[in-house]
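# Architecture and fold: a report
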Amino acid sequence: FYKAVLSFSKINLEQQEKLNSLYMDSLLNAAFSYYENKLYTEAIPLFEDLIQRGNKLLEDDYYKSLISLFDSYNQNKDYDKFLLLYNTLKKNQNLSISVLNKIKFLLADNYILQEEYLKAYDVYLEIMMCKEPAFVSLAFQNAYNLSILYRKEIKKDPGEILQKIESSLSDNKELLLQHY
């Protein structure tokens, strides 16, 4: 009898794992379907659920869900939720530089949407210090544009950003030349 119960419980565990996997796949597909159709209000709770169950997701799916959740918050004007999640992740997670910088670009977008241009500018400067050429280049362009468009709010000369990029890209002369 004991062996029969033990083998039955193993079957149930396997079936349970299969059901959990199917549920996660369904949740992931539904979240991205809403997101891609710009139905952010519907996508947000699904992404939040996915992030809470992060250990059951593939790493790539987790990061894509996380970035999509941040973008959904911005698109839905849930700025406070965005900042709360950002501050929580910044303290508790070891995110790759690439994922962290993508989230920082969304953070800058968050500040721009709230018309906090100086904060957005500062985020771009922070990204420029990462030394990854693609991120540095885009952050430079965005910071430079902000310094021109919102000179009064930022109170920095656009030329200052050129000096910062020189120090940030001193190792990469080829990329540096692209900005002059």
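The structure under discussion appears in the preceding block.
Worth saying up front: this structure is predicted, and the values here are computed from it rather than measured. (Residues numbered from 1 in each chain as written. Predicted model: local features only at pLDDT ≥ 70, side-chain atom pairs only at ≥ 80, totals over all residues. Heavy atoms only, no water.)

## Section: the nonpolar core
The following threshold applies: We call a set of buried Ala, Val, Leu, Ile, Met, Phe, Trp, Tyr and Cys residues a nonpolar core when their side-chain atoms join them within 4.5 Å. Classification of residues uses two cut-offs on accessible area relative to the type maximum, computed with a 1.4 Å probe and protein chains only: under 20% is buried, over 50% is exposed, and between them is partly exposed. What counts as a helix is a DSSP run of H or I of at least four residues, what counts as a strand is a run of E of at least two, and both are numbered from the N terminus. Contact definition: two residues touch when any of their heavy atoms are within 4.5 Å.
Ranked by internal contacts, the top residues of the largest apolar core, which has 46 residues, are Leu 50, Leu 66, Phe 70, Phe 82 and Tyr 124. Breaking this core down by element, the ones donating at least two residues are helix H1 (2-36), helix H2 (40-52), helix H3 (59-75), helix H4 (79-92), helix H5 (97-113), helix H6 (117-128) and helix H7 (133-149). Among the elements that take part in this core, H6 stands out by supplying 8 residues, more than any other. Beyond its immediate sequence surroundings of up to four residues, Tyr 124 is in contact with Phe 105, Ala 108, Asp 109, Ile 112, Ala 139, Asn 142, Ala 143 and Leu 146.

## Digging into H2
Keep this limit in mind: For a helix, the expected span equals 1.5 Å multiplied by the number of residues minus one.
Compared with an ideal rise of 1.5 Å per residue, which puts 13 residues at 18 Å, H2 spans 18 Å between its outermost C-alpha atoms and is within 8% of the ideal. Looking at H2, one finds that the buried residues are Tyr 40, Ala 43, Ile 44, Leu 46, Phe 47, Asp 49, Leu 50 and Ile 51.

## Quick word on the pattern of salt bridges
Worth spelling out the cut-off: For this document, the term salt bridge refers to a Lys or Arg side-chain nitrogen within 4 Å of an Asp or Glu carboxyl oxygen.
Counted according to the given criterion, the structure contains 5 salt bridges. Between Arg 53 and Asp 49 there is a salt bridge, and its shortest N-O distance comes to 2.7 Å. Salt-bridge contacts for Lys 64 lead to Asp 60; the nearest nitrogen and oxygen are separated by 3.1 Å. Remark: Asp 60 and Lys 64 occur in helix H3; sequence separation between them is 4 residues, near one turn of the helix. Since its relative accessible area comes to 44%, Lys 64 is described here as partly exposed. The class for Asp 60 is partly exposed, based on a relative accessible area of 45%.

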